[in-house]
Amino acid sequence: MKKIAILGSTGSIGTQALDVIRENRESFRITALTCGSNIERMIKQIKEFNPELVAVAREEDAGRLQAEFPGLQVCYGEEGQTAAAEYDSDVVLNSLMGMRGLVPTYRAIEKGKDIALANKETLVAGGQVIMDQVSRHNVKMLPVDSEHSAIFQCLQGNEGKTVSRILLTASGGPFRGYTMEQLERVTLAQALKHPKWTMGRKITIDSATMMNKGLEVIEAKWLFDVPLDRIQILVHPQSIVHSAVEFEDTSVIAQLGLPDMRIPISVALGYPERIPYGGKGLDFFEDAAHLTFEKPDPDVFRCIRLAYQASEAGGSYPVVLNGANEVLVDMFLKEQISFIDIQRTLEDILEKHNPTYNLELEDIINIDKEIRKEIRERI
């Protein structure tokens, strides 16, 4: 029986992971759960899954949980997230949002735990540092993003084979086919209506700007050790082909399925086995009868180009890209800036950035803090 710790258990990925575990209780045991401020949902999870440790954001919420569950180990703050990551488990599912996921991932790897990664910012900002740790401690980095899980599955049984291209699919978001002039008029309500996936607010906006796909390009580079020029984005509005791999003989292996995050979650948690899932399967005559693919437009959705450029430049550029994007998305969600301001400000920030290289974990944390402060002071 695998022992599982879930960082961010009350969010979209965390709750779906618990759906998978609920269906396969004989295979998994929850040892640690963490959340931010959704204490009511956490209380329900504690009662159902009986973890040994939980962590929350605020001290007062920790006190409430400790009073209600006297035998439970309760932590709070950033130290609490790290304590949960280091706690007794075989796999740590990191579904935290943003840079909060970096340090817990690093510490969990140090403790020799396999990582089920649903926090792309960990590899965008800290790719070299994290993957060096993965190699040093001989742990598995198991992707949970649907696209990276698809690539991971396509590569199984093909270890050592030369990869010509990674074909990273994208739904295109709610503004597929828009011109720059149309993007100027986008509202918050429009941006939060994703046509295929139900996700958190931040990642939904990233999908609308297509920064989400740019970040996934950087993540794929680190996960699969493939040069950027071999990673191609395909806009695939049906979201049935979740990604594909082309090998040197031009054969393409793709992974298909309905847009349901429980599938890649189950692949990561169950690895190397596949575990049962009671959800609806793919009907080729109904769901996959008409599949189309398009080129993205990096002249309109400039975040794609910025991600490639930042990753190619290396050093502190991806850290700045990621941190600045998080702040700008938050400001857009609060209606402090316009939708188009996100990519325009990112362009300006990266153009003026004075990079540093050979970063350690502390360097990444400090650069991230500096760029966040700079943007908030600037706007």
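Scroll up a little and you will see the structure.
Residues numbered from 1 in each chain as written. Predicted model: local features only at pLDDT ≥ 70, side-chain atom pairs only at ≥ 80, totals over all residues. Heavy atoms only, no water.

Summed over the entire model, instances satisfying the criterion amount to 28 salt bridges. Arginine 376 is the partner of aspartate 330 in a salt bridge, and the nearest nitrogen-oxygen pair spans 3.3 Å. With a gap of 46 residues between them, aspartate 330 in helix H14 (residues 317–333) and arginine 376 in helix H16 (residues 361–378) connect regions that are remote in the sequence. When its relative accessible area of 24% is taken as the criterion, aspartate 330 is described as partly exposed. Overall, arginine 376 belongs to the partly exposed group, its relative accessible area being 43%. Because the salt bridges share partners, they merge into one network encompassing Asp19, Arg22, Arg25, Glu48, Asp260 and Arg262. (Salt bridge = Lys/Arg side-chain N within 4 Å of Asp/Glu carboxyl O. Helix = DSSP H or I, 4+ residues; strand = E, 2+ residues; numbered from the N terminus. Buried < 20%, exposed > 50% of the residue type's maximum accessible area, 1.4 Å probe, protein only.)

Below, the discussion takes up the environment of serine 338. Tracing the backbone shows serine 338 in the loop between H14 and helix H15 (339–352). Looking at serine 338, the relative accessible area reads 29%, which means it is partly exposed.

In the structure shown here, the tally under the stated rule is 4 aromatic pairs. Ring centres of phenylalanine 152 and tyrosine 271 lie 5.3 Å apart, and the angle between their planes is 65°; on these two criteria the pair is classed as edge-to-face. Note that phenylalanine 152 is positioned in helix H7 (residues 146–155) and tyrosine 271 in the loop between helix H12 (262–270) and helix H13 (302–313), a separation of 119 residues in sequence. According to the relative accessible area criterion, tyrosine 271 is partly exposed, its value standing at 24%. On the basis of an interplanar angle of 50° and a centroid distance of 5.0 Å, the ring pair of phenylalanine 175 and tyrosine 178 is categorised as tilted. Residue classification places phenylalanine 175 among the buried positions, given a relative accessible area of 1%. Using a relative accessible area of 26% as the deciding quantity, one classes tyrosine 178 as partly exposed. Every member of this aromatic cluster is reached through a ring pair, and the members are Phe175, Tyr178, Phe332 and Phe339. (Phe/Tyr/Trp six-rings, centres within 6.5 Å; stacked < 30°, edge-to-face > 60°.)

With mixed pairing, the 4 strands of this open sheet are ordered in space as E9-E8-E10-E11. Both edges of this open sheet fall to strand E9 (231–235) and strand E11 (252–256), since each of them pairs with a single strand only. Across this sheet, the average inter-strand angle for adjacent strands is 20°, counted without regard to direction. As paired elements, strand E8 (residues 163–170) and E9 share 5 bridges and run parallel to each other. Looking across to E9, one finds that threonine 169 is bridged to leucine 234. On the sheet, helix H11 (residues 211–224) packs against E8 and E9 and is oriented at approximately 150° with respect to E8. (Pairing = 2+ DSSP bridges. Axes fitted to C-alpha atoms, helices over the stretch in contact; angles between N-to-C directions. Contact = heavy atoms within 4.5 Å.)

A contiguous nonpolar surface patch, about 370 Å² in accessible area, is contributed by Leu256, Phe284 and Phe285. Among the secondary structure elements, phenylalanine 284 is positioned in the loop between H12 and H13. (Patch = residues over 30% accessible without salt bridge, like charges linked within 9 Å, V, L, I, M, F, W, Y side chains within 5 Å. Areas by Shrake-Rupley, 256 points an atom, 1.4 Å probe, with all protein chains shown as cover.)

The next subject is a negative patch on the surface. On the surface, a cluster of negative charge is made up of Asp132, Glu360, Glu362 and Asp363. As for its position among the elements, glutamate 360 is in the loop between H15 and H16. (Lys, Arg positive; Asp, Glu negative; His and termini not counted. Charge placed at Lys NZ, Arg CZ, Asp CG, Glu CD.)

Looking now at unusual backbone geometry. Residues tyrosine 271 and proline 272 are joined by a peptide bond in cis, for which omega reads 10°. On the secondary structure map, proline 272 appears in the loop between H12 and H13. Despite not being glycine, serine 239 shows a phi value in the positive range, around 55°. Within the secondary structure, serine 239 is located in the loop between E9 and strand E10 (241–247). The backbone of asparagine 358 shows a phi angle near 55°, a positive value even though the residue is not glycine. Looking at where asparagine 358 falls in the secondary structure, it is placed in the loop between H15 and H16. With a relative accessible area of 73%, asparagine 358 lands in the exposed category.

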